[in-house]
Amino acid sequence: MSRIQESVIIRTVVRIMVPFIQLFALYVIMHGASGPGGGFQGGVIFGAAIILYAMIYGIAEGKKKMSDALDKILASTGLTIFAATGLACIVCGGMFLQYHAVPLLPDPAKVSRYLIDLVEIGIGITVLAVMISLFFDISPPESEPEEAEE
Amino acid sequence: MIWILDITMLFFLVVCAIAAISIKDLLSAIIILSAYSLIMAIVWVEMHSVDVGFTEAAVGAGITTVLFIATLARTEGRSED
């Protein structure tokens, strides 16, 4: 427990900020097709929120929220969503990720919009899991003084 | 567009880059690199490349700094050369 981690101001601010950062990350992921942002950026922001939590409340507490097993499951789930969407387009007679080939709805433009969102969600899940596991793997065991970033 | 802002930002960019490679204390170098990333993000947005600026701010100034500091906590913190 370093001095930064004991500070009640930082602990309270982090506890209040983390849900809003996660909400912003979801916004960035869902608006990736129509505006700036996308799966990668949203996933990085979501991962940064959990990394921030783990930095202030301790690695052990962070691992309680985001265990290594959950990390692995999320990383492979996102990749599976991405690959399955792409392969579904091939199965339906298009090219890889050629969305409007999928006869899900009568309007091809709408199918394309929904599938782009699905792909972005898959990318976001993978990126957030990989970012968090990178941090957990690199970070020192415990009770090392660390800077509060972000 | 706003060329005074451009010139100022690029000047700070060069200053940050030179400071980051010439400073001895590695923690200071990491923080300067983070400032470099932030200025670079502003430059990207100024060049109407919002997507790249977004990525630069999130990855360059956010995650990379955290990972560097976490790595630094396991090592010595001084540069030999």
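Preceding this paragraph is the structure being described.
Residues numbered from 1 in each chain as written. Chains lettered and ligands numbered in written order. Predicted model: local features only at pLDDT ≥ 70, side-chain atom pairs only at ≥ 80, totals over all residues. Heavy atoms only, no water.

Q: I'm lost on the side chain of Gln 41 of chain A in this one. Help?
A: Structurally, the position occupied by Gln 41 of chain A is in helix H3 (residues 39-57). Excluding residues within four positions of it along the chain, Gln 41 of chain A makes contact with Val 28 of chain A together with Asp 51, Phe 54 and Thr 55 of chain B. (Helix = DSSP H or I, 4+ residues; strand = E, 2+ residues; numbered from the N terminus. Contact = heavy atoms within 4.5 Å.)

Q: Can you walk me through the interface of chain B and chain A in this structure?
A: One widely used convention gives an interface's size as the accessible area the parts lose upon coming together. Each partner contributes residues to the interface: chain B has 19 residues there, and chain A has 23 residues. Between chain B and chain A the total buried area reaches about 1,700 Å² when both faces are included, carbon and sulfur atoms providing 75% of it. Considering only the side of chain B, the residues that lose the most area to chain A are Phe 54, Ile 63 and Val 66 of chain B, jointly responsible for 31% of the buried surface there. Linking chain B with chain A are zero salt bridges, by the criterion used here. Inspection of the chain B/chain A interface yields five residue pairs in polar contact (both at pLDDT 80 or more). Here the element with the most residues in the side of chain B that touches chain A is helix H3 (residues 50-72) of chain B; it accounts for 15 residues. (Buried area = accessible area lost by both parts, 1.4 Å probe. Salt bridge = Lys/Arg side-chain N within 4 Å of Asp/Glu carboxyl O. Polar contact = N/O pair within 3.5 Å; in protein donor to acceptor, adjacent residues only side chain to side chain.)

Q: Where do I start with H3 of chain A in this structure?
A: Every α-helix winds through 3.6 residues per turn, so residues three or four apart in the chain are directed the same way. All names here are of chain A. Over its 19 residues, H3 runs 27 Å from end to end, which matches the ideal 27 Å to within 8%, given 1.5 Å per residue. Most of H3 is tucked away, with 18 of its 19 residues classed as buried. One or two steps after H3, the chain reaches Gly 58, where phi turns positive at roughly 100°. (Expected span 1.5 Å × (residues − 1). Buried < 20%, exposed > 50% of the residue type's maximum accessible area, 1.4 Å probe, protein only.)

Q: Is there a simple way to explain the side chain of Glu 120 of chain A in this structure?
A: All names here are of chain A. Along the chain, Glu 120 turns up in helix H6 (residues 108-138). There is no salt bridge for the buried Glu 120, and the closest opposite charge comes from Arg 113, which lies 12 Å off by N-O distance. In this structure, Glu 120 is in contact with Ile 29, Gly 32, Ala 33, Gly 38 and Gly 39, ignoring residues within four places of it in sequence. (Lys, Arg positive; Asp, Glu negative; His and termini not counted.)

Q: Before we go on, may I ask you to explain unusual backbone geometry in this structure?
A: Peptide bonds are mostly trans, and most non-glycine residues show a negative phi. Of note, Leu 97 of chain A is a non-glycine position whose phi angle comes to about 65°, a positive value. Within the secondary structure, Leu 97 of chain A is located in the loop between helix H5 (68-91) and H6. Even without being glycine, His 48 of chain B reaches a positive phi, approximately 60°. With respect to the helices, strands and loops of the structure, His 48 of chain B is situated in the loop between helix H2 (26-46) and H3. Judged by its relative accessible area of 61%, His 48 of chain B is exposed.

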